[in-house]
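Structure assessment
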Amino acid sequence: MSKEIKGALLSVLGGICWGLSGSMGQFLFTHEGMDSRWLVPVRLSISGIVLALYCLVRYRGRFFDVWKTKKNAVDMLVYGLAGISFCQFLYFLTIQLSTAGVATILQDLSPIFILAVNCLMTHTRPTIREVEAIVLALVGVALISTHGNFTNMAVSPVAILTGTACAVCVMIYNVEPKKLLEQFPVTILQGWAFLMGGIFFSLVFRVWTIHYVPGILGYIGIAFVVFVGNVFAFTTYITGVHLIGPSKAILYGFSEPLTAAVVSTVFMHSSFGIYDAIGFACVFLMLALISSKKE
């Protein structure tokens, strides 16, 4: 299997797992009474412990080598906290405020921010194609957030804000780990990212004061979002990024909003009309335009 095909398949698979995990999160919020301030720290902590134990057995002392140089330590903090961990929290908060489909499509605005960072770093202006992509993204979000009725917001403005902020975090963890990935396995980076996020959000939200006891379905849902949505999805997707680059990986990652939209519409009866479909199409065209541009 070629590097290109393997990277594409891993990116698609990671996106599907994220979409399923997002839909499970929507189920936990609407039917099990969970709160994102409780779920995300628990999810990150369990995922971090699982990956840390694996890495300590598999890679032994290399698990701690990430912190040996100042440059790697700073990159790890940016990637792990500002990227992975905040993306996790903002993603599930957006789901709680809206639906899994809306959260994932807003998250997929990340190529716009990758483009902006690239233009700033290279001191270049966006091309006509890139401007067209930006317009498509804005039109897509407008249609999804209003359902075509521009006098009424169908999606909470707060959800749009948190979803867009989540896209910025996606940009960070797609761009930031390049040097780290050249030195360390993906599982080591993910293990530290999840551990840091779990500790950080546990302290911020003081999860020990949130008196919530999940039922049987709640425990099953937590296990699903931990192992399918965190451990497996992030590892496969970041490996895909390493193989084919962030621009192409994000395009294949469109499997995430499609999966979330289908599952939440079919099984949780979330609203999804013609304007939502057009909005999704606009965002996908935006991804295609940016990903297919000549370097």
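Quick summary incoming for the structure in this document.

About the cut-offs
- Residue positions within a chain follow its written sequence, with the count starting from 1.
- Reporting in this predicted model follows two pLDDT cut-offs: at least 70 for local features of residues, and 80 or more for side-chain atom pairs to be given and counted; totals over whole chains, interfaces and linings ignore these cut-offs and use all residues.
- With hydrogens and water set aside, each side-chain value is computed from the structure's full complement of heavy atoms.
- Strands are runs of DSSP state E lasting at least 2 residues, helices are runs of H or I lasting at least 4, and numbering of each runs from the N terminus.
- For a compact globule the rule gives 2.2 Å times the number of residues to the power 0.38, and the radius of gyration it is set against comes from C-alpha atoms.
- A contact between two residues is defined here by any heavy atoms of the two lying within 4.5 Å.
- Here the Shrake-Rupley method, with its probe set to 1.4 Å, supplies the accessible areas, and only the displayed protein chains count as covering residues.
- Stacked, edge-to-face and tilted are the three classes for Phe, Tyr and Trp ring pairs, Trp counted by its six-membered ring, which pair at centre distances within 6.5 Å; planes under 30 degrees apart are stacked, over 60 edge-to-face, the rest tilted.
- Each residue's exposure class comes from its accessible area (1.4 Å probe, protein chains only) as a fraction of the maximum for that residue type: buried when under 20%, exposed when over 50%, partly exposed otherwise.
- Each polar contact in these results corresponds to two N or O atoms within 3.5 Å; when the atoms are within protein, one needs to be able to donate a hydrogen and the other to accept it, and residues that are neighboring in sequence are counted only if both atoms are side-chain atoms.
- Throughout, the protein atoms alone are placed on a 1 Å grid, and a set of points is a cavity if a 1.4 Å probe fits but cannot get out or a pocket if it is open with protein on both sides within 12 Å along at least five of seven lines; lining residues have an atom within 4 Å of a point.
- Grid points are joined across faces, edges and corners, and a volume is the space filled by probe spheres set on the points.
- Classification convention: Asp, Glu, Lys, Arg as charged; Ala, Val, Leu, Ile, Met, Phe, Trp, Tyr, Cys, Pro as nonpolar; all other residues, Gly among them, as polar.
- Note on terminology: a nonpolar core comprises buried Ala, Val, Leu, Ile, Met, Phe, Trp, Tyr and Cys residues joined through side-chain atoms within 4.5 Å.
- Every axis in this analysis is a line fitted to C-alpha atoms, fitted for helices over the stretch in contact. Angles between the N-to-C directions lie between 0 and 180 degrees.
- Left-handed describes a crossing in which the near helix is turned anticlockwise from the far one by less than a right angle; the clockwise case is right-handed.
- Our angle categories are set so that under 35 degrees counts as roughly parallel, over 145 as roughly antiparallel, 65 to 115 as roughly perpendicular, and the remainder as oblique.

1. Quick notes on the overall build of the protein chain
The helix and strand tally for the protein chain stands at 13 helices and 0 strands. Mapped in sequence order, the helices and strands of the protein chain form the string α-α-α-α-α-α-α-α-α-α-α-α-α. Here the C-alpha atoms of the protein chain give a radius of gyration of 18 Å, agreeing with the 19 Å that 2.2 N^0.38 yields for 295 residues. The C-alpha extent of the protein chain, read off along each of the three principal axes, is 55 × 50 × 35 Å. Contacts in the protein chain between residues far apart in sequence, at least 24 positions, make up 86% of those at least 6 positions apart. Just so you have it, the protein chain exposes about 13600 Å², and 71% of that area is on carbon and sulfur atoms.

2. Considerations on the packing of aromatic side chains
Counting across every chain of the model gives 15 aromatic pairs. Geometrically, the ring pair formed by phenylalanine 63 and tryptophan 192 is stacked, given 4.6 Å between the ring centres and 10° between the ring planes. With phenylalanine 63 in the loop between helix 2 (36–58) and helix 3 (70–97) and tryptophan 192 in helix 9 (residues 186–205), the pair connects residues that are 129 residues apart, well separated along the chain. As far as the burial class goes, phenylalanine 63 and tryptophan 192 line up, both buried. Look at phenylalanine 86 and phenylalanine 200: their rings are 5.6 Å apart centre to centre, the planes differ by 50°, and that puts the pair in the tilted class. Taken together, the residues span a long stretch of sequence, with phenylalanine 86 in helix 3 and phenylalanine 200 in helix 9 at a distance of 114 residues. Judged by relative accessible area, phenylalanine 86 falls into the partly exposed class, the value being 30%.

3. Describing the side chain of threonine 235
The topology assignment puts threonine 235 in helix 10 (residues 216–244). There is a polar contact of 2.6 Å between the side chain of threonine 235 and the backbone oxygen of valine 231. In contact with threonine 235, not counting residues within four places along its chain, are Val186, Thr187, Gln190 and Asn230.

4. Here we look at empty space enclosed by the protein
Summed over the entire model, instances satisfying the criterion amount to 3 cavities of 30 Å³ or more. One number sums up the size of the largest cavity: a volume of about 80 Å³. Forming the walls of the largest cavity are Trp18, Gln107, Asp108, Ser110, Val170, Tyr173, Asn174, Tyr237, Ile250, Gly253 and Glu256. Considering every element that reaches the lining of the largest cavity, the biggest residue donor is helix 7 (residues 157–175), with 3 residues. For the lining of the largest cavity, the per-class residue count stands at 5 nonpolar, 4 polar and 2 charged.

5. Points about the nonpolar core
Inside soluble globular proteins, nonpolar side chains tend to come together where they are buried. Grouped together as the largest cluster of nonpolar side chains are 85 residues, with contacts concentrated most on Leu39, Met76, Tyr173 and Met286. Counting residues per element, this core draws most heavily on helix 3, at 11 residues. Ignoring sequence-local partners within four residues, the contact set of leucine 39 consists of Leu28, Phe29, Met34, Phe92, Ile222 and Val225.

6. Structural notes on the packing of helix 2 against helix 3
Angle between the axes and distance between the axes: these two values describe a pair of packed helices. Between helix 2 and helix 3, the least distance of the axes is 9 Å, while the angle of their chain directions is 145°. Crossing of helix 2 against helix 3: the hand is right-handed. Between helix 2, through Ser36, Arg37, Leu39, Val40, Arg43 and Leu44, and helix 3, the contact on the second element is made entirely by Ser85, Gln88, Phe89, Phe92, Leu93 and Gln96. Within the contact of helix 2 with helix 3, the residues separate by chemical class into 6 nonpolar, 4 polar and 2 charged.

7. A word on unusual backbone geometry
One non-glycine residue, arginine 60, adopts positive backbone phi at about 55°. Turning to its location among the elements, arginine 60 is positioned in the loop between helix 2 and helix 3. Judged by its relative accessible area of 64%, arginine 60 is exposed. The phi dihedral of arginine 206 falls on the positive side, at around 50°, and the residue is not glycine. Mapping arginine 206 onto the fold places it in the loop between helix 9 and helix 10. Residue classification places arginine 206 among the partly exposed residues on the basis of a relative accessible area of 46%.

8. Examining the environment of aspartate 75
Tracing the chain through its elements places aspartate 75 in helix 3. Here aspartate 75 falls in the buried class, since its relative accessible area comes to 7%. Spatially, the C-alpha atom of aspartate 75 lies 7.2 Å from that of proline 177, the residues being 102 residues apart in sequence. Setting aside chain neighbours within four positions, we find aspartate 75 in contact with Glu176 and Leu180.

9. What about the packing of helix 2 against helix 10?
Helix 10 packs onto helix 2 with a crossing angle of 60° between their chain directions and a minimal axis gap of 9 Å. Relative to helix 10, helix 2 is oriented oblique. With respect to the hand of their crossing, helix 2 and helix 10 are arranged in right-handed fashion. Of the residues in helix 10, those in contact with Trp38, Leu39, Val42, Arg43, Leu44, Ile46, Ser47, Val50 and Leu51 of helix 2 are Ile222, Val225, Val226, Phe227, Gly229, Asn230 and Val231. Its residues assigned to classes, the contact of helix 2 with helix 10 comprises 12 nonpolar, 3 polar and 1 charged.

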